[in-house]
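Below, each chain spelled out in residue letters.
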Amino acid sequence: MAARRQGTHRDSRVRRLGLAAALVLWQAVSGAAEGAEVSAAHWAFQPIVRPQPPEVSDAAWPRTPIDRFILAKLESRGLVPSSPAEPSVLLRRLSLDLIGLPPDPAEVDAFVAAPTDEAYSAAIERLLASPHYGERWGRHWLDVARYADSAGYEFDKKREIWRYRDWVIAALNQDLPYDQFLVDQIAGDLVPEATREQLVATGFSCNAQHQYGDVHETTTDRVNAFGTAVLGLTLGCASCHDHKFDPISQEEFYQVYAFFNEAEDAVLDFSPPDIVAARDALQSQIEMLKRDLNRYQNGPDPDPVTWAAQLTSAELVATPSEVRQAIIRKTSDRTAEQHELIREHHRVVSLKFKKNLQSRLASWAMALEPEARTALGPDAAHYLDAAAEEDPADAPPGLLAKFWEQDAGRVKRQQVIERLQDEIPATETTHVLRARVDQPRTFVFMQGNHLDLGPEVSPDTPAFLPPLAVDGERPDRLDLARWAVAPNNPLTARVIVNRIWQHLLGRGLVATP
């Protein structure tokens with residue numbers, strides 16, 4: 001991907017990549033060897049500058065500026081470049097590199113017959129226009145983004161996030177500029193007037209391993225992924241103590257952590273409108289039936305006002321006229337007499353439910369076989385001997401559950417609910433990241449233990465890198481994303497160029513991409 005779209009031809013993108021790689025190559029091979037600890041003066045942390053390509057003896061061989069760097073190194077060792085590859089080999093390499101598939105025999109024959117520069121450029125254009133290009137190079141990014149269709153850890157629960165995978169492939173095929181590619185993944189939900197596709201892009205952070213109930217591990221995983229994928233830094237090494245090699249303190253790790261601590265996983269619904277309408281209607285009906293089942297088993301809500309608000313139309317019609325008139329009035333507009341009417345009727349209904357349940361418990365007790373009654377235990381058997389007079393609230397633990405298991409009215413209601421639940425149409429969803437409504441405070445975890453809190457920190461970036469520009473009152477992930485792709489950030493361009501070099505040539509300019 002290009003850092004910025006500056007032309008209509010994708011081969012220009014390849015040429016621009018060559019220039020960028022030359023910058024990285026020059027600084028990689030010219031940097032002095034350091035010890036184990038890397039200081040802020042390390043060449044990778046310095047601004048990218050355009051070097052002067054070295055002079056070479058064979059001035060006719062280089063075809064791009066980067067060739068002069070390679071040739072200069074070869075000449076310094078008394079070596080000469082390898083002979084050009086045969087046309088068929090060259091086309092095969094090109095096809096495998098760009099789309100991961102070998103060329104068709106007819107394409108090979110055509111190229112071998114006329115292996116011109118124009119034919120080579122045309123082959124590049126054809127391969128870059130192939131949908132397989134996004135599939136091939138999308139795999140490289142998805143590896144870095146730790147894409148997975150399950151949440152990891154011991155439960156490894158399945159999750160729907162394949163739309164993020166498809167977004168990556170489409171972004172590559174559409175030649176989305178690399179800076180926008182990153183911004184959408186880090187903070188697509190915060191972009192003004194964000195599209196649904198930009199929300200899907202935030203699935204980058206939702207690929208985190210998820211241990212249910214442990215949000216700290218999930219957030220740490222998101223920070224680590226951002227550091228590795230975008231900056232080429234092992235930020236996670238500073239989660240328990242200052243980084244042993246890079247100039248990153250533990251406090252700075254949690255400053256970056258704060259950006260992601262203010263976000264949460266959410267589910268974005270992609271279901272068609274007719275499916276959404278059918279699902280909502282069924283769920284509304286199910287909720288109504290569940291409330292009915294709850295009243296059938298547990299009686300009226302203990303609070304008269306809540307009970308009155310939950311009455312169905314049929315139940316409301318069955319109430320006495322004066323009570324009904326009191327119930328339909330707004331709560332704040334009811335008179336003292338009307339409130340008393342509602343409370344009195346609530347007492348009557350509650351007593352009626354209690355008497356009815358006592359009667360049914362007594363009937364059930366009489367129908368029980370002696371062996372079944374004994375199996376319930378002595379406390380239950382003693383209670384059932386006087387079930388018609390005993391308060392159901394005083395029933396021994398588990399007895400009412402046994403009663404409701406066989407109750408025909410409860411069983412029928414439950415079966416209706418389960419049948420409707422089975423009819424709910426499947427939904428099409430994907431995991432996305434969104435800003436939390438609240439802004440949780442972030443603290444340093446002493447030795448990485450979230451139960452041992454150290455100093456409080458605010459969102460910020462490591463001090464050895466360019467300062468963060470804040471657009472609003474408080475830094476957020478969009479500020480972080482824009483900081484990562486800013487021209488003065490020395491790491492982002494170097495990391496992606498090095499990664500592309502690795503995939504094209506087998507080894508990065510720096511061996512730890």
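Residues numbered from 1 in each chain as written. Predicted model: local features only at pLDDT ≥ 70, side-chain atom pairs only at ≥ 80, totals over all residues. Heavy atoms only, no water.

A. Main features of the overall build of the chain. Of regular secondary structure, the chain possesses 23 helices and 4 strands. Compactness check: the chain gives a C-alpha radius of gyration of 34 Å against a globular reference of 24 Å for 513 residues, more than 25% above the reference. By principal-axis analysis of the C-alpha atoms, the chain measures approximately 110 × 60 × 55 Å. With 513 residues in all, the chain has 41% of them scored as buried. Partitioning the contacts of the chain with sequence separation of at least 6, the portion at a separation of at least 24 is 64%. Total accessible area computed for the chain in this model is approximately 28,100 Å², and 54% of it derives from carbon and sulfur atoms. Side chains of the chain give 54 positive and 73 negative charges; the mean places of these two sets differ by 2 Å. (Helix = DSSP H or I, 4+ residues; strand = E, 2+ residues; numbered from the N terminus. Rg over C-alpha atoms; globule rule 2.2 N^0.38 Å. Buried < 20%, exposed > 50% of the residue type's maximum accessible area, 1.4 Å probe, protein only. Contact = heavy atoms within 4.5 Å. Areas by Shrake-Rupley, 256 points an atom, 1.4 Å probe, with all protein chains shown as cover. Lys, Arg positive; Asp, Glu negative; His and termini not counted. Charge placed at Lys NZ, Arg CZ, Asp CG, Glu CD.)

B. Representation of the pattern of salt bridges in the model. Following the criterion strictly, the structure yields 24 salt bridges and no others. We note a salt bridge from Glu-428 to Arg-163, for which the minimum N-O separation is 3.0 Å. Here Arg-163 lies in helix 7 (residues 162-173) and Glu-428 lies in the loop between helix 21 (408-423) and strand 2 (429-435), a separation of 265 residues in the sequence. The exposure class assigned to Glu-428 is partly exposed, which follows from its relative accessible area of 37%. Of the charged contacts, one joins Glu-262 and Arg-474 as a salt bridge, the two residues approaching to 2.5 Å between their closest N and O atoms. Here Glu-262 is found in the loop between helix 12 (250-261) and strand 1 (263-269), whereas its partner Arg-474 is found in the loop between strand 4 (453-457) and helix 22 (477-485), with 212 residues between them in sequence. What makes Glu-262 buried here is its relative accessible area of 11%. Each of Glu-340, Arg-343, Glu-344 and Arg-347 takes part in one network of salt bridges that share partners. (Salt bridge = Lys/Arg side-chain N within 4 Å of Asp/Glu carboxyl O.)

C. Structural detail: the packing of helix 3 (residues 87-99) against helix 6 (residues 131-144). Orientation of helix 3 relative to helix 6, taken along the N-to-C sense of each, is 70°, at an axis distance of 6 Å. As the angle between them shows, helix 3 and helix 6 are arranged roughly perpendicular. Between helix 3 and helix 6, the residues in contact are Leu-96, Asp-97, Leu-98 and Ile-99 and His-132, Tyr-133, Arg-136 and Trp-137, respectively. Its residues assigned to classes, the contact of helix 3 with helix 6 shows 5 nonpolar, 1 polar and 2 charged. (Axes fitted to C-alpha atoms, helices over the stretch in contact; angles between N-to-C directions. Parallel < 35°, antiparallel > 145°, perpendicular 65-115°, else oblique. Nonpolar A, V, L, I, M, F, W, Y, C, P; charged D, E, K, R; others polar.)

D. Local environment of the environment of Ile-424. Along the chain, Ile-424 turns up in the loop between helix 21 and strand 2. Classification of Ile-424 by relative accessible area gives partly exposed; the value is 26%. In this structure the C-alpha to C-alpha distance between Ile-424 and Gln-283, which are 141 residues apart in sequence, comes to 7.7 Å. Ignoring sequence-local partners within four residues, the contact set of Ile-424 consists of Arg-279, Leu-282, Gln-283 and Ile-286.

E. Broad picture of the side chain of Arg-410. With respect to the helices, strands and loops of the structure, Arg-410 is situated in helix 21. The buried charged residue Arg-410 lacks any salt bridge, with Asp-407 as its nearest oppositely charged partner at 6.0 Å. Excluding anything up to four places from it in sequence, Arg-410 contacts Leu-293, Tyr-296, Gln-297, Trp-404 and Glu-405.

F. View of the packing of aromatic side chains. Overall, the coordinates contain 16 aromatic pairs when judged by the stated rule. The interplanar angle of 55° and the centroid separation of 5.0 Å between the aromatic rings of Tyr-254 and Phe-445 together place this pair among those described as tilted. Separated by 191 residues along the polypeptide, Tyr-254 in helix 12 and Phe-445 in strand 3 (residues 442-445) bring together distant segments of the chain. These aromatic residues form a ring-pair network of at least three members: Trp-141, Tyr-164, Trp-167, Tyr-178, Phe-181 and Phe-204. Across the ring face of Phe-204, the terminal group of Arg-146 is positioned such that the distance to the ring centre comes to 5.5 Å. A cation over an aromatic ring shows up here: Arg-163 above the ring of Phe-270, its NZ or CZ 4.0 Å from the ring centre. (Phe/Tyr/Trp six-rings, centres within 6.5 Å; stacked < 30°, edge-to-face > 60°. Lys NZ or Arg CZ within 6 Å of the ring centre and 35° of its normal.)

G. Highlighting helix 7. Here helix 7 spans 17 Å end to end across 12 residues, near enough to the 16 Å set by a 1.5 Å rise per residue. Taken as a whole, helix 7 has its buried residues at Arg-163, Tyr-164, Trp-167, Val-168, Ile-169, Ala-171 and Leu-172. Where helix 7 ends, the next residue or the one after it, Asp-175, has phi of about 60°, a positive value. (Expected span 1.5 Å × (residues − 1).)

H. Fine view of the confidence of the model for the chain. Per-residue confidence for the chain averages 89 on the pLDDT scale, and 92% of its residues sit at or above 70. Contacts for the low-pLDDT stretch residues 1-24, under 50 throughout, to residues beyond four places or in other chains number 59 contacts. Scored below 50 in pLDDT, residues 28-36 makes 7 contacts in the model with residues more than four places away or belonging to other chains. (pLDDT = per-residue confidence, 0-100.)

I. Inspection of helix 19 (residues 378-385) at higher detail. Regarding helix 19, the residues found buried are Ala-380, Ala-381, Tyr-383 and Leu-384. All buried residues of helix 19 project into a common sector of 160° when viewed along the axis, lining one side. Those residues of helix 19 that are exposed and aimed more than 90 degrees away from the buried face are Pro-378, Asp-379, His-382 and Asp-385. Buried positions along helix 19 lie against helix 17 (336-367), helix 18 (370-375) and helix 20 (399-406). (Arc of directions from axis to C-beta.)

J. Quick look at the environment of Val-168. You can see Val-168 is positioned in helix 7. For Val-168, a relative accessible area of 0% puts it in the buried group. For the pair Val-168 and Arg-139, spaced 29 residues apart in the sequence, the C-alpha separation amounts to 8.9 Å. With residues up to four places along the chain from it excluded, the contact list for Val-168 reads Gly-138, Trp-141, Leu-142 and Phe-181.

K. Examining unusual backbone geometry more closely. Of note, Arg-146 is a non-glycine position whose phi angle comes to about 50°, a positive value. Positionally, Arg-146 belongs in the loop between helix 6 and helix 7. For Gln-447, which is not glycine, the phi dihedral falls at a positive 55°.

L. Examining the side chain of His-345 more closely. Inspection of the secondary structure puts His-345 in helix 17. A residue is classified by how much of its surface remains accessible, and His-345, at 16% relative accessible area, is buried. Apart from residues lying up to four places away in sequence, His-345 is in contact with Trp-307, Thr-319, Pro-320 and Val-323.

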